[in-house]
Amino acid sequence: QQPVQSPQAVILREGEDAVINCSSSKALYSVHWYRQKHGEAPVFLMILLKGGEQKGHEKISASFNEKKQQSSLYLTASQLSYSGTYFCGTEMSGTYKYIFGTGTRLKVLA
Amino acid sequence: NAGVMQNPRHLVRRRGQEARLRCSPMKGHSHVYWYRQLPEEGLKFMVYLQKENIIDESGMPKERFSAEFPKEGPSILRIQQVVRGDSAAYFCASSPTTSGDEQFFGPGTRLTVL
């Protein structure tokens, strides 16, 4: 039931791009993306809603394929501050429960 | 506008004791979620509450764990007779509406059971 994220880990150099994928076996109402640095709380990045609405705060883009129950997070021109573990959080249609994905560890090197 | 507050930040308990974790949501938020995170793992949903109501507690162990969100005061996650396996970081998050809105996370309570 837990969404599966890929890749599990990725190492980048500053300025490189990355794509993180989140795949669910259940029909989704929304997908949330968060970044968590070691020892800290998760920080909101983006929400994608069924029907195409998006809400985000940073220069990070994402897509949501409702039919495939998949979402992808696109990190372009990565910065050192992008390092951390990225989680997708999925809200299934008809429930109030958020299920977080397996996580993707991203490290950006100078 | 203060963010989500959790206390204590660190809690040490001996096996068999009780642990009480508190969460004050952001002002204007009436929806609270509790999550557990083991080291190097993801966030596991435990319970979703609105003021005075438990909406979904399907992620919470049936025994020893309970949660409440009273009309006045913080949300409380209580763990009775703690065991070593309860050691984890417990995060609460609040949101203004039921769904479709971001969740604001508190700094977490790190529980260590000796």
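Up top is the structure.
Residues numbered from 1 in each chain as written. Chains lettered and ligands numbered in written order. Predicted model: local features only at pLDDT ≥ 70, side-chain atom pairs only at ≥ 80, totals over all residues. Heavy atoms only, no water.

Chemist: Explain the overall build of chain B to me, and be specific about the residues and the numbers.
Modeler: The number of helices and strands found in chain B is zero helices and 11 strands. Counted from the first residue to the last, chain B has its helices and strands arranged as β-β-β-β-β-β-β-β-β-β-β. For chain B, whose C-alpha radius of gyration is 13 Å, the value lies close to the compact-globule estimate of 13 Å for 114 residues. Counting the 114 residues in chain B, one finds 44% classified as buried. At a minimum sequence separation of 6, the contacts of chain B that also span at least 24 residues come to 52%. In the structure as shown, chain B presents an accessible area of about 5500 Å², 46% of it carried by carbon and sulfur atoms. Placing the 16 positive and 12 negative side-chain charges of chain B at their respective mean positions leaves the two points 8 Å apart. (Helix = DSSP H or I, 4+ residues; strand = E, 2+ residues; numbered from the N terminus. Rg over C-alpha atoms; globule rule 2.2 N^0.38 Å. Buried < 20%, exposed > 50% of the residue type's maximum accessible area, 1.4 Å probe, protein only. Contact = heavy atoms within 4.5 Å. Areas by Shrake-Rupley, 256 points an atom, 1.4 Å probe, with all protein chains shown as cover. Lys, Arg positive; Asp, Glu negative; His and termini not counted. Charge placed at Lys NZ, Arg CZ, Asp CG, Glu CD.)

Chemist: Outline the sheet that holds strand β8 (residues 70-75) of chain A, listing residues and values.
Modeler: Residue and element names in this part refer to chain A. Judged by pairing direction, the sheet is antiparallel, and its four strands sit side by side in the order β1-β3-β8-β7 without closing on themselves. Here the strands that pair on one side only, and so sit at the sheet edges, are β1 (4-6) and β7 (61-65). In this sheet, neighbouring strand axes are inclined to one another by 15° on average, regardless of whether the strands run parallel or antiparallel. Two elements, β7 and β8, share five bridges in a ladder whose sense is antiparallel. Opposite A62, over in β8, you have L73 as the bridge partner. (Pairing = 2+ DSSP bridges. Axes fitted to C-alpha atoms, helices over the stretch in contact; angles between N-to-C directions.)

Chemist: Can you lay out the interface of chain A and chain B for me, pointing to particular residues and giving the numbers?
Modeler: Counting residues at the interface gives 22 residues for chain A, matched by 24 residues for chain B. Across the chain A to chain B interface the summed buried area is about 1900 Å²; carbon plus sulfur atoms make up 55%. If you sort the residues of chain A by the area they bury against chain B, Y96(A), Y98(A) and F100(A) come out on top, with a joint share of 31%. Taken together, chain A and chain B are joined by one salt bridge. The partner of E40(B) in a salt bridge is R105(A), and the shortest N-O contact between them spans 2.6 Å. (Buried area = accessible area lost by both parts, 1.4 Å probe. Salt bridge = Lys/Arg side-chain N within 4 Å of Asp/Glu carboxyl O.)

Chemist: Before we move on, could you go through the state of the cysteines and cite the residues and values that matter?
Modeler: Counted under the stated rule, the structure contains two disulfides over all chains. Note that C22(A) is cross-linked by a disulfide to C88(A), the S-S spacing being 2.0 Å. Negative torsions about the S-S bond denote left-handed disulfides, and the value of about 70° found for C22(A) with C88(A) makes this one right-handed. One end of the pair, C22(A), is in strand β3 (residues 18-23); the other, C88(A), is in strand β9 (residues 84-92), with 66 residues separating them in the sequence. Assessed through its relative accessible area of 3%, C22(A) is described here as buried. Between the sulfur atoms of C23(B) and its disulfide mate C92(B) the distance is 1.9 Å. Here the S-S torsion is close to 70°, and the disulfide linking C23(B) with C92(B) is therefore right-handed. Residue C23(B) is located in strand β3 (residues 19-24), and its partner C92(B) is located in strand β9 (residues 88-95); the two are separated by 69 residues in the primary sequence. The burial state of C23(B) is the same as that of C92(B); both residues are buried. (Disulfide = S-S within 2.5 Å.)

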